[in-house]
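Observations on chain architecture
Here are the chains, one letter per residue:
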Amino acid sequence: MELTDLKALTPLLERHGFHFSKAKGQNFLIASWVPERVAEESGADEKAGVLEIGPGVGCLTRELAKRAGKVLALEIDARLMPVLAETVGEYENVTVLNEDVLGADLGSLVGEHFAGLSPAVCANLPYNITSPVLTKLIGSGLFGTITVMIQREVARRVCAGPGTADYGAFGILVDFYYHTRILFDVPPDCFEPRPKVTSSVIRLEKRDRPAADTDEKLFFRLVRAAFNQRRKTLVNALSSGFSGRLEKAQIARCIAACGFSETVRGETLSIREFAALTDEIGRALK
Ligand code: SAM
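Residues numbered from 1 in each chain as written. Predicted model: local features only at pLDDT ≥ 70, side-chain atom pairs only at ≥ 80, totals over all residues. Heavy atoms only, no water.

Describing the packing of aromatic side chains
By the definition in use, this model includes 12 aromatic pairs. Between F219 and F220, the aromatic rings sit 4.9 Å apart at their centres with planes inclined by 90°, giving edge-to-face as the arrangement. Each member of the pair F219 and F220 is classed as buried. Residue F219 is classed as buried on the basis of its relative accessible area of 0%. Here the aromatic cluster, defined as three or more aromatic residues joined through ring pairs, consists of Y167, F176, Y177, F219, F220, F227 and F274. Here the basic side chain of R37 rests over the ring of F184, its NZ or CZ set 3.9 Å away from the ring centre. (Phe/Tyr/Trp six-rings, centres within 6.5 Å; stacked < 30°, edge-to-face > 60°. Buried < 20%, exposed > 50% of the residue type's maximum accessible area, 1.4 Å probe, protein only. Lys NZ or Arg CZ within 6 Å of the ring centre and 35° of its normal.)

Some thoughts on the packing of helix α9 (residues 216–228) against helix α12 (residues 271–285)
The contact between α9 and α12 brings their axes to 9 Å, and the two run at 110°. Between α9 and α12, the angle falls in the class roughly perpendicular. Residues L218, F219, L222, V223, A226 and F227 of α9 form the contact with α12, whose participating residues are I271, F274, A275, L277, T278, I281, G282 and L285. Looking at side-chain class alone, the contact of α9 with α12 contains 12 nonpolar, 2 polar and no charged residues. (Axes fitted to C-alpha atoms, helices over the stretch in contact; angles between N-to-C directions. Helix = DSSP H or I, 4+ residues; strand = E, 2+ residues; numbered from the N terminus. Parallel < 35°, antiparallel > 145°, perpendicular 65-115°, else oblique. Contact = heavy atoms within 4.5 Å. Nonpolar A, V, L, I, M, F, W, Y, C, P; charged D, E, K, R; others polar.)

Focus: the domain arrangement of the protein chain
What the domain assignment reports for the protein chain is domain 1 (6–206) and domain 2 (216–285). The distance between the C-alpha centroids of domain 1 and domain 2 comes to 36 Å. Across the contact, 12 residues belong to domain 1 and 13 residues belong to domain 2. Interface area for domain 1 against domain 2, summed over the two sides, is near 970 Å², with a carbon-plus-sulfur share of 71%. Counting the surface domain 1 buries against domain 2, the share from its top three residues, Y167, I172 and F176, is 51%. (Domains from an automatic or database assignment. Buried area = accessible area lost by both parts, 1.4 Å probe.)

Some remarks on the environment of D166
Here D166 shows up in the loop between α7 (152–158) and α8 (169–177). By relative accessible area, D166 is classed as partly exposed at 32%. Here the alpha-carbon distance between D166 and R156, two residues 10 residues apart in the chain, equals 6.5 Å.

Rendered as structure tokens:
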């Protein structure tokens, strides 16, 4: 059965009494080139254990099953379990669990299902939980590569560089641990139901070591403080962010010690520059 063909998909879903849920971010792919290309770009091979989030009716799951050593698919919607039993049940290297990725213990799942394999992620993510899912996947430190389809605007934020409107704390978090790349766009007419926005497929490849050698907790505190009030100068944004712990004059000295102008804004600083400032602020806090 061609899962991306509406003529096959519609009767399949009707037979199982399934209706799309907007709250669960259900937009299923109906263009066969997309799951094929996403699976191919993920680089999954027989040495890979691939975690798929939200298999839907299983079109991407099938493409991954053909390439990967093992596929573990987590689907929150219990109504899709009998559908998936029908569409991907024949693949011995696929396990589908009725589980919410945000509540899942990823370390245990990877240990249990991917022994001897290199863990990776490949998914068409539900749009409403893109940031918490990516934050969880990255924070787990478990996955060598993460290839996901997300909204184009979010993809731009993940992959943005300093000085651009899209640059922010979320992109810096991803970039700190992973090399980021936008691969290609997917138009709304490739989905049922049709979303309002264009999607992009991005690929994240884990860095051998984080982008900067610094106190990570303090680094992210500083980055968040800088972007919480991104239109303010850095010295003012950090004065609010570190109020009660550092005087404005101390922050100004740290900024000057890094060689930045006193009117610099956080949105123009690279990761390395934020890391240099983290080291200065860390010394001032002692
Ligand atoms: N992979 C399918 C495709 O490409 O056609 C479906 C993708 S659809 C954008 C997102 C899928 O994620 C849906 O099947 C939805 O039920 C599922 N989902 C939503 N929230 C989830 C969660 N928290 N954990 C696991 N799956 C979730």
